[in-house]
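Next come the chains, spelled out residue by residue.
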Amino acid sequence: MAGSFFFALTMEAQMNSAASEIARRLGREAEAVCRHYLSNGRKQGRYWIVGDIENTPGRSLYVRLTGPAHGPGAAGKWADAATGEHGDLLDLIAAAHHLQSFGETLDEARRFLSLPRPEPPQRERQSAPTGSPEAARRLFAMGRPVGGTLAERYLRRRGLSGLGDAPALRFHPCCYYWREGQPKDTPPETWPALLAKVTDVNGNLTGVHRTWLDPATARKAPLDPSRKAMGNLLGHGVRIGTASDILAAGEGLESTLSVRMALPNMPVISALSANHLAALILPTGLQRLYIAADADEAGDMATANLIKRAGAVGIETIRLISLGGDFNEDLRKLGRDDLRTHLGQQLATADFSRLLSDEH
């Protein structure tokens, strides 16, 4: 089992190495890449200028045509001044052809560069049990930081920014999806996915939550359901920040992240459902627990159960009340500053200075 895990990490490293080499080659041909994939743009000095990554005429997106092979200012790096999106020429190619997997993107780049497609390694693969913590660890290891990816675009659509380097979040360009009732001998679909790491109180990975994404819209993919979790989830959650004496616990990932957006100094954990919120294992040393449950019957029941369990071990609890159905709805409707004000009115007096401070 361990051998299979390390082989998966080795293969990921090889793919990343191949991608880096192809990105460097594309950078050397940056102007030719732009003329081919962003034909509605034009060269201006050291840059290629176009409206957006989908080749709309305009002046918002800038592609650097010259520069070092890698690092800041590298040739091929681009940024969209209007949306804040950024990336390299592989990201540009994926968007231009609406490619749904990293492998397809590399194949298209090789075709443009007239490079041969490498032969896949021959090895008998030992698969981890479907849905197991081991399978979850492998999947998360294959992801990459969300910065500059479709996952970051999805989060921005939900009003969530500044999460590009969050260690609990990753992006997988071609994550398997099995439809309900799909025969086991038929191949799964692949869709891009936002991965969220589920950990226990000691920080050990126990599962992964997947949100499949539509590459054409940067919204949730047209799948039912569009979210699934794997591994051991009960009592655990997706953690942003390190809990010490205070913690905010919520249900859905985006709702909990919205609390963190408004209060950047507040450590948060997403239990991913009301039932799991009620069963959350509370960390040692916790003194005050803010409960950010959804405004519905399931959220009320989860809150009541969690208040009872926390009270039994001497932890003070405060329920954070949303104005809408959840805190992501509030964030998108009110904006970050007004949500911050709304949540600030509900904080314990002892937490004002550190949670409402602009330093984070």
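On a predicted model such as this, the values are computed, not experimentally measured, just so you know. (Residues numbered from 1 in each chain as written. Predicted model: local features only at pLDDT ≥ 70, side-chain atom pairs only at ≥ 80, totals over all residues. Heavy atoms only, no water.)

A.B. asks: Explain the pairing of strand S8 (residues 205–214) to me, using residue names and the numbers behind them.
C.D. replies: With 10 of 10 residues buried, S8 is to be regarded as a mostly interior element. Of the strand pairs in this sheet, strand S7 (residues 189–199) and S8 are connected by seven bridges, and their pairing is antiparallel. Its bridge partner being in S8, Leu195 is matched across the sheet by Arg210. Hairpin connection of S7 to S8: five residues between the antiparallel strands, including Gly203 at a positive phi of 85°. As judged from the five bridges shared by S8 and strand S10 (residues 227–231), these two strands associate in the antiparallel manner. Pairing of Gly207 across the sheet is with Gly231, part of S10. (Buried < 20%, exposed > 50% of the residue type's maximum accessible area, 1.4 Å probe, protein only. Helix = DSSP H or I, 4+ residues; strand = E, 2+ residues; numbered from the N terminus. Pairing = 2+ DSSP bridges.)

A.B. asks: For a positive patch on the surface, give the residues involved together with the corresponding values.
C.D. replies: Together, Arg157, Arg219, Lys220 and Arg332 make up a region of like positive charge exposed at the surface. Take Arg219: it is sitting in strand S9 (residues 219–220). In this structure Arg219 comes out as partly exposed when scored by relative accessible area, which is 48%. (Patch = residues over 30% accessible without salt bridge, like charges linked within 9 Å, V, L, I, M, F, W, Y side chains within 5 Å. Areas by Shrake-Rupley, 256 points an atom, 1.4 Å probe, with all protein chains shown as cover. Salt bridge = Lys/Arg side-chain N within 4 Å of Asp/Glu carboxyl O. Lys, Arg positive; Asp, Glu negative; His and termini not counted. Charge placed at Lys NZ, Arg CZ, Asp CG, Glu CD.)

A.B. asks: Talk me through the packing of aromatic side chains; I want residue IDs and the actual numbers.
C.D. replies: One pass over the full model with this rule turns up four aromatic pairs. Ring plane angle 75° and centroid distance 5.5 Å describe the contact between Tyr176 and Trp178, whose orientation is recorded as edge-to-face. With a relative accessible area of 36%, Trp178 lands in the partly exposed category. For the pair Tyr177 and Trp212, a centre-to-centre distance of 4.7 Å together with 85° between the ring planes defines the contact as edge-to-face. Of this pair, Tyr177 sits in strand S6 (residues 169–177) while Trp212 sits in strand S8, and the two are 35 residues apart along the sequence. (Phe/Tyr/Trp six-rings, centres within 6.5 Å; stacked < 30°, edge-to-face > 60°.)

A.B. asks: Please give an account of the UniProt feature "domain: DUF7146" (unreviewed entry) in the protein that cites residues and values.
C.D. replies: Under the UniProt annotation, "domain: DUF7146" (unreviewed entry) lies at residues 132–240. As annotated, residues 132–240 comprises 17% helix and 38% strand, and the C-alpha atoms at either end are separated by 23 Å. (UniProt positions renumbered as here; feature names shortened; annotations may be inferred.)

A.B. asks: Would you mind going over the sheet that holds strand S5 (residues 86–87) in detail, with residue names and values included?
C.D. replies: Judged by pairing direction, the sheet is antiparallel, and its five strands sit side by side in the order S1-S2-S3-S4-S5 without closing on themselves. For this open sheet the edge positions go to strand S1 (42–44) and S5, each flanked by a neighbour on one side alone. Pairing of strand S3 (residues 61–64) with strand S4 (residues 78–80), which is carried by three bridges, proceeds in the antiparallel orientation. Directly across from Tyr62, in S4, lies its bridge partner Ala79.

A.B. asks: Tell me about the packing of helix H3 (residues 89–96) against helix H4 (residues 102–113), and please be specific about residues and values.
C.D. replies: Between H3 and H4, the shortest axis-to-axis distance is 9 Å and the interhelical angle comes to 100°. In terms of orientation, H3 lies roughly perpendicular with respect to H4. On H4, the residues that touch Leu90, Ile93 and Ala94 of H3 are Thr105, Leu106, Glu108 and Ala109. Its residues assigned to classes, the contact of H3 with H4 comprises five nonpolar, one polar and one charged. (Axes fitted to C-alpha atoms, helices over the stretch in contact; angles between N-to-C directions. Parallel < 35°, antiparallel > 145°, perpendicular 65-115°, else oblique. Contact = heavy atoms within 4.5 Å. Nonpolar A, V, L, I, M, F, W, Y, C, P; charged D, E, K, R; others polar.)

A.B. asks: Help me get a handle on the nonpolar core, residues and values and all.
C.D. replies: In terms of nonpolar packing, the biggest core is built from 41 residues, with Leu169, Leu194 and Met266 touching the most fellow members. The biggest single contributor to this core is helix H7 (residues 253–262), with five residues. Counting the residues that make up this core, at least three belong to each of domain 2 (131–232) and domain 3 (234–359). Leaving out residues up to four positions away in the same chain, Leu194 has contacts with Val146, Ala151, Tyr154, Leu155, Leu169, Arg170, His209, Arg210, Thr211, Leu213 and Leu253. Of all hydrophobic cores here, the second largest spans 25 residues; its members include Ala19, Trp48, Ile53 and Leu89. (Core = buried A, V, L, I, M, F, W, Y, C linked by side-chain atoms within 4.5 Å. Domains from an automatic or database assignment.)

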